[in-house]
Amino acid sequence: SSSPASSPPSSSSSHSSEEGKVVTLTVAQVHELASGALVQSGMEKEQASTLAEVISSAERDQCYSHGLFRLPGYCRAIHTCGPFLEPVVSEPSPASVRA
């Protein structure tokens, strides 16, 4: 019998709902769900898509502790801390410090 750690990645992810029912989503559906929740929480669409890719990949690879399990915490953090800013590349001098 094969252990979960040696099982090949699946194209779907199953989770139990609060009512105990199992919900099965495709990897694409996980990405769409995660991306939508992140955008709804205040994250920019491009950043949300990138993080949703990490979440859906974790689900696909059966690394559930880094998949949808993390989504509510990410959404709370985004909602609490505000939107993420776009990084700006600059060329500061060797003696300058920016906060």
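The coordinates are above.
Going along each chain's sequence as written, the residues are numbered from 1 onward. Given that the model is predicted, a residue must reach a pLDDT of at least 70 before its local features are reported, and side-chain atom pairs must reach 80 or more before they are shown or counted; all residues, however, enter totals for whole chains, interfaces and linings. As a rule here, side-chain values come from all non-hydrogen atoms in the structure, and water together with hydrogens is ignored.

## Observations concerning the pattern of salt bridges
Step number 1: Whenever a carboxyl oxygen of Asp or Glu lies within 4 Å of a side-chain nitrogen of Lys or Arg, that contact is scored as a salt bridge. Following the criterion strictly, the structure yields 1 salt bridge and no others.
Step number 2: Where Asp61 meets Arg60, a salt bridge forms, and the shortest distance between an N and an O atom there is 2.8 Å.

## Focus on helix α1 (residues 27–41)
Step number 1: Its 15 residues give α1 an end-to-end C-alpha distance of 21 Å, which sits within 8% of 21 Å, the value for a rise of 1.5 Å per residue.
Step number 2: Turning to α1, its buried residues number three or more, namely Val30, His31, Ala34, Ser35, Leu38 and Ser41. Taken down its axis, α1 places every buried residue within 130° of arc, on the same side. Of the exposed residues in α1, the ones pointing more than 90 degrees away from its buried face are Ala28, Glu32 and Gln40.
Step number 3: Directly after α1, the chain includes Gly42, whose backbone phi takes a positive value near 125°. Comment: elements are numbered from the N terminus, with helices defined as DSSP H or I runs of at least four residues and strands as E runs of at least two. Any helix carries an expected span of 1.5 Å times its number of residues minus one. Burial here depends on accessible area, computed with a 1.4 Å probe over protein chains only, as a share of the maximum for the residue type. Under 20% is buried, over 50% is exposed, and the range in between is partly exposed. Starting at the helix axis, one direction is taken to each C-beta atom, and the arc is that of these directions.

## Overview of the packing of α1 against helix α3 (residues 71–81)
Step number 1: Axes, fitted as lines to C-alpha atoms, cover a helix only where it is in contact. Angles between the N-to-C directions of the axes lie from 0 to 180 degrees. Packing of α1 against α3 leaves a shortest axis separation of 8 Å and a crossing angle of 20°. As the angle between them shows, α1 and α3 are arranged roughly parallel. Crossing angle aside, the handedness with which α1 passes α3 is right-handed. Contacts between α1 and α3 involve Ala34, Ala37, Leu38 and Ser41 from the first element and Leu71, Tyr74, Cys75, Ile78 and His79 from the second.
Step number 2: Throughout this entry, Asp, Glu, Lys and Arg are counted as charged residues, while Ala, Val, Leu, Ile, Met, Phe, Trp, Tyr, Cys and Pro are counted as nonpolar. The remaining residues, Gly among them, count as polar. A per-class count over the contact of α1 with α3 returns 7 nonpolar, 2 polar and no charged. Relative orientations are named as follows: roughly parallel for angles under 35 degrees, roughly antiparallel for angles over 145 degrees, roughly perpendicular for angles from 65 to 115 degrees, and oblique for any other angle. Crossings are classed by handedness, with left-handed meaning an anticlockwise turn of the near helix from the far one by less than a right angle and right-handed meaning a clockwise turn. Note on definitions: a residue-residue contact is assigned when non-hydrogen atoms from the two residues lie within 4.5 Å.

## Focus on the environment of Gly36
Step number 1: If you trace the backbone, Gly36 turns up in helix α1.
Step number 2: It is 8.8 Å that separates the C-alpha atoms of Gly36 and Ala52, two residues lying 16 residues apart in sequence.

## Describing the environment of Ser35
Step number 1: Looking at where Ser35 falls in the secondary structure, it is placed in helix α1.
Step number 2: Separated by 15 residues in the primary sequence, Ser35 and Thr50 place their C-alpha atoms 8.3 Å from one another.
Step number 3: Not counting chain neighbours up to four residues away, the residues in contact with Ser35 comprise Ala48, Ser49 and Ala52.

## Quick look at α3
Step number 1: Those residues of α3 that fall on the buried side of the exposure criterion are Leu71, Cys75 and Ile78. Within α3, the buried residues cover an arc of 65° as seen down the axis, which keeps them to one side. Across from the buried face of α3, at angles greater than 90 degrees, the exposed residues are Arg76, Thr80 and Cys81.
Step number 2: Where the residues of α3 are buried, they touch α1 and α2 (45–60).

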